[in-house]
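Examining the three-dimensional arrangement
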Amino acid sequence: MKALHLEGQPLVSDDRPLLRAMGLSKHFGARVACQDVSLDVHEGEVVAVVGESGSGKSTLLALLSTQQLPSTGSISYRMRDGVTRDLFRLTEADRRHLLRTDWGFVHQDPRLGLRMGVSAGGNVGERLMAIGWRHYGNIRAEAQAWLERVEIENDRIDDRPDTFSGGMRQRLQIAKNMVTHPRLVFMDEPTGGLDVSVQARLLDLIRGFVSDRGLAAVIVTHDLAVARLLCDRILVMRQGRIIESGLADQVLDDPREPYTQLLVSSILQT
Amino acid sequence: MASAGSDPIRLDGVAKTFVMHLRGGARLPVVCGVSFSVRSGECVALSGPSGIGKSSILKLIYGNYRVDAGRVLVTGETGTVDVASASPRQMLGLRRTTLGYVSQFLRTIPRVGALEIVAAAAREAGVSPQEARARAGDLLAKLNVAHRLWHLPPATFSGGEQQRVNIARGLAARRPILLLDEPTSALDDMNRATVVELIEARKREGAAVLGIFHDADIRERVADRIIDVTQFAPGA
Amino acid sequence: MTADPAYNFAYLDEQTKRMIRRAILKAIAIPGYQVPFASREMPMPYGWGTGGMQVTAAVLGANDVLKVIDQGADDTTNAVSIRKFFAKTAGVATTTRTREATIIQTRHRIPEEQLTQEQILVYQVPIPEPLRFLEPREPETRRMHALEDYGLMHVKLYEDIARHGHIATTYAYPVKVDDRYVMDPSPTPKFDNPKMDNCPALQLFGAGREKRIYALPPYTRVVSLDFEDHPFEPTPITAKCELCGADRVFLDEIVTDDRGGRMFVCSDTDHCESRRSRVSP
């Protein structure tokens, strides 16, 4: 269970995409949530999916993380053994395992991503126990190390998250996901509902993981400032489609589509 | 593929127009027919009145603005890339290895300290953490950023201090191309002189420098050539 | 006692017994897996052993000898009622001697006497799902069993150690069966867990209210869950039975008077009586 990446060292990145989605669509009866979405995510790359409510961005995240099945389209992922596989041809057991080890999913509401009745240490240790760690002392030590990395004080390890603040819960959720050194993390409005100073702390944390561990991430956000600071690329969604995509600073400073221009001009400061 | 003597920067018939959909599709041409190159070890200054498109040219080279026509050929160790048609991934690679950029704004995540901002910029280009930190300290010291500020986030710094951190960030990785947008506008004479020295040093090391210098005096000292951007104004 | 002709043999109709037997066969084929079954209304409320009784009714034959114990004792109200129930509706012979029984229905204890290949042990189970307290959703626990996704089980043990310094579960201690399914052994004390491992008798589990049956075929590997640095240990017994002197059996603490007087006595009444009858001439 060693770290796959050494801190601070530049990573040899494989140029093949890590995740490739092609022609994803999702219909709920007559309602189209996502239409013909294709995108690639490479190792160490952070992609923002921005759009307003109802744009389909949360559905897209659910599809990309295989938590929902698409109506059409496919997703392939290059697994740790180097082989690229069609995710919907894997067994549910394999997909579940992927979601617990090589992937992370950070929910907007940390209560959805945590077990509120289990201590912080138990929450962080769960993935380790799920992959077969059977030494209490080691599990606790690893959980302790991760709590430190997300700046949660040592003496909170046995406390339950229902005694934590919102920002702390969110950091705990991140620790819980990072403990198996995932290569790809999905985040749904990770800074949503948090105070500005708390957001800053969270962004710094995520930025650190991305640069030190070569983490790839798909971040759904309506906050363009977050997109600019954290992300390499931005995809703009409207009514279920991607209407514009490009480098983060490009989309924000030189928006081409009318809707993108509207979005960018509507905020106070990018 | 780059031929042995390719200039690091070569623009060929580049044009850019903004289409403002929020104003009924009004077209705002910025530049057109931009053609010039910058050689290794050379510093070219872009001149012209405010709003003529000097910053825009830098942004077109950096990939911040999209190119409407023409080619923007950037040559580095890995070969020549046309920024106008480069994929986002290629562009990110180019920025990591070849294109250094000092913009007018310092945008960083609120909590990160000045030293770390500069060191991170070097690490991105593959420099080891220890070397990156050493370079960062060296640059900040040369630019007279007080030691006590090194671990503070620049958001609370003065305009001049922020600009110096921004310059240090742009220079830390020692990329072969350096784009500078008004690097000395908020600096006093002493620090301006330092920036001139740093630019000269990069030139000696073979970097191709393209910059906008509001101060005529600095322009004279640093630039080997001056290109008047007025000639690229649309309708000129 | 001869069977009361007003009842079908062992109370349940033949179709019901056949359905339960099918569930039992499936349970034996997949050790530790909870098989849903169409639990019938028995002439007693839920929580009094209706599941165990339905399993017993399904496997009982005219020549069987039935023993019923409740926390080790043959003489509690429940044990006596159930024993009389089957005597009346099936006319089978009953006994309190473990050695003489072919079927033993039990609530919350395993007899101290080593069981044989000729015997069936039927457990009464309240909550069959070991993951229930941490994961209240049924579809989710079913998926966890199907995908052998048992990390959560160890989370429970981790929490115990974090909170109490040791694994605090003292009964219904979860076990892994045949290296595949995690099972709740019913609220037997963890002291009894080792008896389930590699047991020559067939062990059947019935949960009436929850409508589940599961099984351990003879000689099945049953391992109590633990951590490498907190290995499973059956409760150490430090006292002796004050009636028969047994020192490595599970004991009940009996209040003898209202001045705080107490004594420790074998929980397994038959075991205690057998030992005492051997000693006396």
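In short, a report on the structure. (Residues numbered from 1 in each chain as written. Chains lettered and ligands numbered in written order. Predicted model: local features only at pLDDT ≥ 70, side-chain atom pairs only at ≥ 80, totals over all residues.)

**What about the overall build of chain C?**
Of regular secondary structure, chain C possesses 7 helices and 12 strands. Taking 281 residues into account, the globule formula puts the C-alpha radius of gyration at 19 Å, and chain C, at 19 Å, falls close to it. With respect to the three principal axes, the spread of C-alpha positions in chain C is 55 × 50 × 35 Å. Sorting the 281 residues of chain C into buried and exposed places 44% on the buried side. Sequence-distant contacts in chain C: of pairs separated by 6 or more residues, those separated by 24 or more amount to 61%. (Helix = DSSP H or I, 4+ residues; strand = E, 2+ residues; numbered from the N terminus. Rg over C-alpha atoms; globule rule 2.2 N^0.38 Å. Buried ≥ 20, exposed ≤ 12 C-beta atoms within 10 Å, placed from the backbone. Contact = placed C-beta atoms within 7 Å.)

**Comments concerning the overall build of chain A**
What chain A contains, in helices and strands, is 10 helices and 10 strands. Over its C-alpha atoms chain A spans a radius of gyration of 18 Å, differing by no more than 12% from the 18 Å that the globule rule assigns to 270 residues. The dimensions of chain A, computed from C-alpha atoms along their principal axes, are 55 × 45 × 40 Å. Buried residues in chain A amount to 47% of all 270 residues. Within chain A, contacts between residues separated by at least 24 positions form 65% of all contacts whose residues are at least 6 apart in sequence.

**Quick look at the pairing of strand β2 (residues 31-41) of chain A**
Where a strand is regular, its side chains alternate between the two sheet faces. Residues and elements named next belong to chain A. The pairing of strand β1 (residues 19-28) with β2 spans 7 bridges and is classified as antiparallel. Opposite His-27, over in β2, you have Val-32 as the bridge partner. Between β1 and β2, which pair antiparallel and follow one another directly, the connecting turn spans 2 residues, one of which, Gly-29, has a positive phi of 65°. (Pairing = 2+ DSSP bridges.)

**Considering the sheet that holds strand β10 (residues 222-224) of chain C**
Residues and elements named next belong to chain C. Pairing is antiparallel across the open sheet formed by 3 strands, whose spatial order is β7-β6-β10. Single-partner strands in this sheet number two, and they are β7 (181-183) and β10. Neighbour to neighbour, the strand axes of the sheet diverge by 30° on average, direction disregarded. Relative to β7, strand β6 (residues 175-177) is paired through 3 bridges, and the arrangement is antiparallel. When the sheet's bridge partners are listed, Lys-176 is paired in β7 with Val-182. (Axes fitted to C-alpha atoms, helices over the stretch in contact; angles between N-to-C directions.)

**A short note on the environment of Asp-192 of chain C**
Residue and element names in this part refer to chain C. Residue placement: Asp-192 occurs in the loop between β7 and α6 (193-196). Considered as a pair, Asp-192 and Glu-112 are 80 residues apart in the sequence and their alpha carbons are 8.7 Å apart. In this view, Asp-192 contacts Arg-109 and Ile-110; residues no more than four positions away in its chain are not counted.

**Some points on the packing of helix α4 (residues 120-130) of chain A against helix α5 (residues 151-164) of chain C**
Close contact between α4 of chain A and α5 of chain C brings their axes to 9 Å; oriented N to C, the two are set at 140°. Regarding the angle of α4 of chain A to α5 of chain C, the classification is oblique. In the packing of α4 of chain A onto α5 of chain C, the handedness of the crossing is right-handed. Where α4 of chain A abuts α5 of chain C, its residues Gly-121, Gly-122, Gly-125, Glu-126, Met-129 and Ala-130 of chain A lie against Gly-151, Leu-152, His-154, Val-155, Tyr-158, Glu-159 and Ala-162 of chain C. The class makeup of the residues in the contact of α4 of chain A with α5 of chain C is 6 nonpolar, 5 polar and 2 charged. (Parallel < 35°, antiparallel > 145°, perpendicular 65-115°, else oblique. Left-handed = near helix turned anticlockwise from the far one by under 90°. Nonpolar A, V, L, I, M, F, W, Y, C, P; charged D, E, K, R; others polar.)

**A few points about the packing of helix α3 (residues 114-124) of chain B against helix α5 (residues 159-172) of chain B**
All names here are of chain B. Close contact between α3 and α5 brings their axes to 7 Å; oriented N to C, the two are set at 25°. When the axes of α3 and α5 are compared, the pair comes out roughly parallel. The two elements α3 and α5 cross, and the hand of that crossing is right-handed. In this structure, α3 contributes Ala-114, Ile-117, Val-118, Ala-121 and Ala-122 to the contact, and α5 contributes Val-165, Ala-168, Arg-169 and Ala-172. Of the residues assigned to the contact of α3 with α5, the class counts are 8 nonpolar, no polar and 1 charged.

**Quick notes on the interface of chain B and chain A**
Chain B puts 18 residues into the contact, and the matching count from chain A is 23 residues. It is helix α2 (residues 88-97) of chain B that contributes the most residues to the side of chain B that touches chain A, 4 residues altogether. When its residues are assigned to classes, the side of chain B that touches chain A shows 10 nonpolar, 4 polar and 4 charged.

**Some remarks on the interface of chain A and chain C**
Facing 17 residues of chain A, the contacting portion of chain C comprises 14 residues. Sort the elements by how many residues they give to the side of chain A that touches chain C and α4 of chain A lands first, with 6 residues. When its residues are assigned to classes, the side of chain A that touches chain C shows 6 nonpolar, 6 polar and 5 charged.

**Observations concerning the pairing of strand β3 (residues 43-47) of chain B**
Residue and element names in this part refer to chain B. Taken together, the 3 bridges between β3 and strand β8 (residues 208-212) define a ladder with parallel strand orientation. Bridge pairing in β8 places Cys-43 opposite Val-209. For β3 and strand β9 (residues 225-228), the ladder comprises 4 bridges, and the chain directions are parallel. When the sheet's bridge partners are listed, Val-44 is paired in β9 with Arg-225.

**Quick notes on the sheet that holds β1 of chain A**
Residues and elements named next belong to chain A. Taken in spatial order, the 4 strands make up an open sheet running β2-β1-β4-β5, and their pairing is antiparallel. With one partner strand each, in any of the chains shown, β2 and β5 (84-86) form the two edges of the open sheet. Direction aside, neighbouring strands of the sheet carry axes that sit 20° apart on average.

**Brief notes about unusual backbone geometry**
You will see that Glu-151 of chain A, though not glycine, has its phi angle at about 60°, which is positive. Along the chain, the position of Glu-151 of chain A falls in the loop between α5 (136-149) and α6 (166-178). With 14 C-beta atoms packed within 10 Å, Glu-151 of chain A lands in the partly exposed category. For His-108 of chain C, which is not a glycine, the phi torsion comes out positive at approximately 65°. Position of His-108 of chain C among the secondary structure elements: in the loop between β4 (103-107) and β5 (120-124). We classify His-108 of chain C as buried; it has 20 C-beta atoms within 10 Å.

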